[in-house]
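Descriptive structure summary
So the chains spell out like this:
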Amino acid sequence: MTANTFNTETARSPLVCDAQAQPEQKESVTRIAIIGAGLTGLMSAQLLEQAFLRQGRAVAIELFEKSAGVGRLATRYKKPPSGGDRLWQFDFGAQFFTAKSEAFQQYLQPWIHRKTIEPWQAKVAQVAIVDEGLPHNPVSHIEPAKVWADSQPRYIATPKMTHFGRELAKALTHTAIKYKTRVAPLSSQSIIQAAPTATHSAHTDTLTGDYKTLLCDEQGIVLGSYDWVICTAPQAQAVELFADTDFAHLQAIQLPQMLACYSLMLGWNQGQVLPQVLQDKDSDILQVNDKHAVIETVFAEHHKPGREQLLPSITLHASNNWAQANVDQDIEQVKALMYQAARQILSWDEDSAPEYVDCHRWRYAATQQPCVSDYIAYADTKKQWIVTGDWCDEGRIESCFKAASAVVKLITH
C-alpha cells in the first residue's frame, strides 16, 4: 500500500485518513504521547481514556504543552487602577461555540449538567458603516437586534471560557500533563526498537520487533518512548515537528492556509459614562456588514450569563482577511487602527472613551482551506504517528471533538 492510499477499514469513516494497515498492540500498557494541550489534545486524552477503559485495556498518556496553561479558549481579566471588587474580563479567543452534530451535543450534556457549559441566547444586531458625505468621519447605523434561534444553540463556558479546558484537564485520570515542555522536531532517529529480535537470511541480517517513538525536548532531554504519538499543535508547528521525517502525509498537512485574527479589548470603569450603544442591553453582539471593515464582530462580555458583575468589557474581533494582511504589523499600530475602527462603531467621545485598551494577535486563528476534503486525522500507522487538529476541519470547537473522535477510532479499532 502506498503512502497516499486510504486503508479500507478506516476509509469507512469520513474522518480518518490512514496510510498503512494498523499493527496490533502487544504491550500490556499502551503509552501515548499527545503534543499540544489545546481542546483537541485534551478531548483526545479524555476519549482515549474512556475507550481503553471500555475495552479493559491499560493506557498511560502524557500530554506535552509548551505554555503554562491548557485549552484553546482564552480569557483575560484585569483589575482597574481605581480599585474595587469588580473586574474587566475578556474572552479574547473563541467567544462561543456551536454543536451541530448529535455526537457533540451528547458529549456536551455532562458538562451542561455540571454548569461548566451554558447555552447563550445572544441578541445580535447588524451594523452598517456609512460615510454620509463625511469620508473622514464615517458613522455606524445599527439595526434592531434579533435573538439567536433555538434550533442552533450557542454555548459558552462559565464563569469564563478558559474554565472548560481546565475542567477537562482535571477530569483526566490516566494522563500526565507536562507544562512548559516544547517537544523537539522528530527525525529518522526518533524510531527505536523496543524489543528487537534477530532474523537471519542468506542475504542480510535484519531486526524485527516492536518499535516506539522516542521524544526529546528542545534541550535534548529524553521525554520518553511511546507506542503512539499524536500531534494536535497548530498547523505551522505540526509541519515543523515532522519536516525532517518521512511522515506519510507530510505534503497533505502543509496544504491548509491559515488566517490570523486580532482581538481588541476595551474596558470602562465603574460610574464612567458609556457610549450610547452600550448604555442599554438591546444587543449582546454587533455584526459589521462590510467585507472591507477592520472590525468584524463586537461582543459585550458583561452581557453574558453569569458575567453580570463585570465592569463594562467589550471584545472586538478583526476580520480574518484584514488581520492576515496585517499579521506582521507592529502590535501597537494594529491596536491604534482597531481603536479607531471601534470608535466609529461605538461612537464614544472624550468623556465616554474606554479606560482600558489592549490587543492580542492570533497568528493561526482560522482555516482557509482544510487539508483534504472530509478528512481530519492523518495517520502514519506504520510509525503510529497521527497529526490532527481543528485546523484540518473548519477551525471550530466542534472540530476539536471530531479530531479527537478520529484519533480514538484509529488507535482503538
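Residues numbered from 1 in each chain as written. Predicted model: local features only at pLDDT ≥ 70, side-chain atom pairs only at ≥ 80, totals over all residues. Heavy atoms only, no water.

1. A word on the overall build of the protein chain
In terms of helices and strands, the protein chain carries eight helices and 25 strands. With 413 residues in all, the protein chain has 50% of them scored as buried. Restricting the contact set of the protein chain to residue pairs at least 6 apart, pairs at least 24 apart contribute 72%. For the protein chain, the accessible surface area stands at approximately 19,800 Å², while carbon and sulfur atoms represent 49% of it. (Helix = DSSP H or I, 4+ residues; strand = E, 2+ residues; numbered from the N terminus. Buried < 20%, exposed > 50% of the residue type's maximum accessible area, 1.4 Å probe, protein only. Contact = heavy atoms within 4.5 Å. Areas by Shrake-Rupley, 256 points an atom, 1.4 Å probe, with all protein chains shown as cover.)

2. Description of the sheet that holds strand E13 (residues 191-193)
Read across the sheet, three strands follow the order E13-E16-E17 without closing on themselves; strand pairing throughout is antiparallel. Of all the strands in the sheet, the pair left with one neighbour each is E13 and strand E17 (222-226). The average angle at which neighbouring strand axes cross in this sheet is 35°, direction not considered. (Pairing = 2+ DSSP bridges. Axes fitted to C-alpha atoms, helices over the stretch in contact; angles between N-to-C directions.)

3. What about the pairing of strand E24 (residues 377-380)?
Going residue by residue along E24, you find Ala-377 and Ala-379 tucked away on one face and Tyr-378 and Asp-380 tucked away on the opposite face as well. As consecutive antiparallel partners, E24 and strand E25 (residues 385-388) are separated by four residues, and within that stretch Gln-384 has a phi angle of approximately 65°, a positive value.

4. Section: helix H1 (residues 39-54)
With 16 residues, H1 ought to run about 22 Å at 1.5 Å a step, and its terminal C-alpha atoms sit 22 Å apart, in line with that. With 13 of 16 residues buried, H1 lies mostly within the body of the structure. (Expected span 1.5 Å × (residues − 1).)

5. Here's the deal with the pattern of salt bridges
Scanning the model with the defined rule gives 15 salt bridges in all. Between Glu-62 and Lys-178 there is a salt bridge; the shortest N-O distance is 3.2 Å. On the criterion of sequence distance, the pair formed by Glu-62 in strand E3 (residues 58-64) and Lys-178 in strand E12 (residues 175-178) is long-range, its members being 116 residues apart. With relative accessibility at 13%, the residue Glu-62 sits in the buried group. By relative accessible area, which is 32% here, Lys-178 ends up partly exposed. For Asp-358, the salt bridge goes to Arg-76, with nearest N and O atoms at 2.6 Å. In this pair, Asp-358 is assigned in strand E23 (residues 356-367) and Arg-76 in strand E4 (residues 76-78), connecting sequence segments 282 residues apart. Overall, the relative accessible area of 21% leaves Asp-358 in the partly exposed class. Through salt bridges with shared partners, one network takes in Asp-91, Glu-301, Lys-304 and Arg-307. (Salt bridge = Lys/Arg side-chain N within 4 Å of Asp/Glu carboxyl O.)

6. So, the packing of aromatic side chains
The full count for this structure, using the stated rule, is 20 aromatic pairs. On the basis of an interplanar angle of 75° and a centroid distance of 5.6 Å, the ring pair of Trp-111 and Phe-164 is categorised as edge-to-face. Of this pair, Trp-111 sits in helix H2 (residues 102-113) while Phe-164 sits in helix H3 (residues 162-171), and the two are 53 residues apart along the sequence. For the pair formed by Trp-111 and Phe-164, the shared burial category is buried. Consider the rings of Phe-242 and Trp-385, whose centres lie 5.4 Å apart with planes at 55°: the pair is tilted. Here Phe-242 is found in helix H4 (residues 235-242), whereas its partner Trp-385 is found in strand E25, with 143 residues between them in sequence. Note on accessibility: Phe-242 and Trp-385 belong to one class, buried. An aromatic cluster is built from Phe-97, Phe-104, Tyr-107, Trp-111, Tyr-155, Phe-164 and Phe-401, whose rings are joined through pairwise contacts. Lying over the aromatic face of Phe-92, Arg-76 brings its terminal NZ or CZ to 4.6 Å of the ring centre. Its guanidinium or amino end placed over the ring of Trp-111, Arg-114 lies 4.5 Å from that ring's centre, counting from NZ or CZ. (Phe/Tyr/Trp six-rings, centres within 6.5 Å; stacked < 30°, edge-to-face > 60°. Lys NZ or Arg CZ within 6 Å of the ring centre and 35° of its normal.)

7. Quick word on the pairing of strand E22 (residues 313-318)
Among the six residues that make up E22, six are buried, leaving the element largely enclosed by the rest of the structure. Neither face of E22 is left uncovered, since the one carrying Ser-313, Thr-315 and His-317 and the one carrying Ile-314, Leu-316 and Ala-318 both have all their residues buried. In terms of strand pairing, strand E19 (residues 258-267) meets E22 through five bridges, oriented antiparallel. Within E22, the residue paired with Ser-263 across the bridge is His-317. Relative to E22, strand E21 (residues 295-300) runs antiparallel, the two sharing five bridges.

8. Some points on the packing of H1 against H3
Orientation of H1 relative to H3, taken along the N-to-C sense of each, is 30°, at an axis distance of 10 Å. Our classification of the angle between H1 and H3 gives roughly parallel. Like other packed secondary-structure pairs, H1 and H3 cross with a definite hand, here left-handed. Side by side, H1 and H3 meet where Leu-39, Leu-42, Met-43, Gln-46 and Glu-49 of the first sit next to Phe-164, Gly-165, Leu-168, Ala-169 and Ala-171 of the second. A per-class count over the contact of H1 with H3 returns seven nonpolar, two polar and one charged. (Parallel < 35°, antiparallel > 145°, perpendicular 65-115°, else oblique. Left-handed = near helix turned anticlockwise from the far one by under 90°. Nonpolar A, V, L, I, M, F, W, Y, C, P; charged D, E, K, R; others polar.)

9. Some remarks on unusual backbone geometry
The phi torsion of most residues other than glycine is negative, and most of the peptide bonds are trans. Cis rather than trans, the peptide bond between Thr-158 and Pro-159 has omega equal to 5°. Relative to the elements of secondary structure, Pro-159 occurs in the loop between strand E11 (154-157) and H3. At Lys-115, a position not held by glycine, the phi torsion is positive, near 65°. Topologically, Lys-115 is positioned in the loop between H2 and strand E7 (117-119). Within the chain, Ser-347 stands out as a residue other than glycine whose phi angle is a positive 55°. Among the structural elements, Ser-347 can be located in the loop between helix H7 (331-346) and E23. Here Ser-347 falls in the partly exposed class, since its relative accessible area comes to 46%.

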